Amino acid sequence: MKFDVLTLFPEMFESLDESIIGRAKEKGLIEINLINIRDFSKDKHKKVDDTPYGGGAGMVIRPDVVYDAYSSIKNKETAKVIYLSPQGNVLNQEKVKELSRNQHLILLCGHYEGIDQRVLDEIVDEEISIGDYVLTGGELPAMVLIDSVSRYVEGVLNNESVKEESFSNNLLEYPQYTRPEEFRGRKVPEVLISGHHENIKKWRDEKSLEITKLKRPDLLNKN
Ligand code: 4H7
């Protein structure tokens, strides 16, 4: 799966070189191509923004610079273009799964007061938000999208966790324990040490339900 990212801050995406996503890149399972919008400024000072028509605070990113950056992307015709913005459809696990069926996504990251509406109307297929709060840019949302979607790419995860995890069944996950068997007087639940797989499964299912009732009762009415 390929992600092209249009951003003014490509260095922010270095965190995706770590851990599971970093490994997926090394293995060639996902490709993340960063396009610095600033490289497409025709201005001698590499300016990409300007003051808003109609007045008001802050700066708006120019449409021509964004369009030129977008135009440089190979095979853009068959890709889906996503704009990360607080006005988009709120991302959830179902949407993540749906997005993972695309072979090529182009992620457009806004900054400052946003991007001129005309280039958005021209190139954006879908607007996505990662939640009802304000950020300084679309870069963190783009990284959240890349991380969550990449988990569904074949070979990125080496275990069964995709099938069992929270939200896939509208239940939260059961608690996890590892060594030592006793920590500051707190013992690992006996059943987990018993080796009785049927009882372990039953205990975990019960815990999942109990925790969901306690922490996220809203999820239980979604089945
Ligand atoms: C695009 C358009 C996403 C990107 C507007 C982005 C939250 C989210 C941004 C803006 C984002 C999310 C303009 C919104 C300036 C905030 C004060 C960058 N914030 N801005 N406003 N929830 N910010 O996914």
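Our subject in this report is the structure included herewith. (Residues numbered from 1 in each chain as written. Predicted model: local features only at pLDDT ≥ 70, side-chain atom pairs only at ≥ 80, totals over all residues. Heavy atoms only, no water.)

### Some details on the packing of aromatic side chains
Under the defined criterion, the tally for this structure stands at one aromatic pair. Measuring from centroid to centroid gives 6.0 Å for Tyr67 and Tyr70, while their planes differ by 45°, and the two rings are tilted. Taken as a pair, Tyr67 and Tyr70 lie in helix α2 (residues 63–71) at a separation of three residues, close to a single helical turn. Judged by relative accessible area, Tyr67 falls into the partly exposed class, the value being 35%. (Phe/Tyr/Trp six-rings, centres within 6.5 Å; stacked < 30°, edge-to-face > 60°. Helix = DSSP H or I, 4+ residues; strand = E, 2+ residues; numbered from the N terminus. Buried < 20%, exposed > 50% of the residue type's maximum accessible area, 1.4 Å probe, protein only.)

### Notes on the pairing of strand β5 (residues 80–90)
Relative to strand β6 (residues 104–109), β5 runs parallel, the two being bridged by five bridges. If you follow Ile82 over to β6, its bridge partner there is Leu107. Crossover handedness for the path β5 to helix α3 (residues 93–99) to β6: right-handed. Strand direction decides the pairing type here: β5 and strand β7 (residues 126–129), joined by five bridges, are parallel. The residue of β7 that forms the bridge with Val90 is Ser129. (Pairing = 2+ DSSP bridges. Right-handed = clockwise from strand over helix to strand, strands pointing away.)

### Considerations on the environment of Leu105
Summarising the element assignment, Leu105 is placed in strand β6. As a C-alpha pair, Leu105 and Ser129 span 24 residues in sequence and 16 Å in three-dimensional space. Those residues in contact with Leu105 that sit more than four places away from it in its chain are Met1, Lys2, Phe3, Asp4, Lys80, Ile82, Leu99 and Leu145. (Contact = heavy atoms within 4.5 Å.)

### Considering the site of the ligand
The environment of the ligand is made up of 15 residues, and the closest members are Tyr83, Ile130, Gly131, Tyr133 and Leu135. Within the side chain of Ser129, one N or O atom sits 3.2 Å away from a nitrogen atom of the ligand. Between the ligand and the protein, one listed contact pairs a nitrogen atom with a backbone N or O atom of Tyr133 at 3.2 Å. The protein chains hide 83% of the 520 Å² of surface that the ligand would expose on its own. The biggest single contributor to the shell around the ligand is β5, with four residues. The residue makeup of the shell around the ligand, split by class, is nine nonpolar, five polar and one charged. (Near = heavy atom within 4 Å. Polar contact = N/O pair within 3.5 Å; in protein donor to acceptor, adjacent residues only side chain to side chain. Areas by Shrake-Rupley, 256 points an atom, 1.4 Å probe, with all protein chains shown as cover. Nonpolar A, V, L, I, M, F, W, Y, C, P; charged D, E, K, R; others polar.)

### Re the nonpolar core
Ranked by size, the top nonpolar core spans 28 residues in total, and within it Phe3, Leu107 and Leu145 carry the most contacts. Elements with a minimum of two residues in this core: β1 (2–7), α1 (19–26), β5, α3, β6 and α5 (139–150). Per-element tally for this core: the top contributor is α5, with five residues. The contact partners of Phe3, leaving out residues within four places of it in the chain, are Ile30, Glu31, Ile32, Asn33, Leu105, Leu107, Leu145, Ile146, Val149 and Ser150. Ranked by size, the runner-up nonpolar core spans 20 residues in total, among them Ile35, Val48, Tyr83 and Ile123. (Core = buried A, V, L, I, M, F, W, Y, C linked by side-chain atoms within 4.5 Å.)

The values are spatial; any link to function lies outside them.
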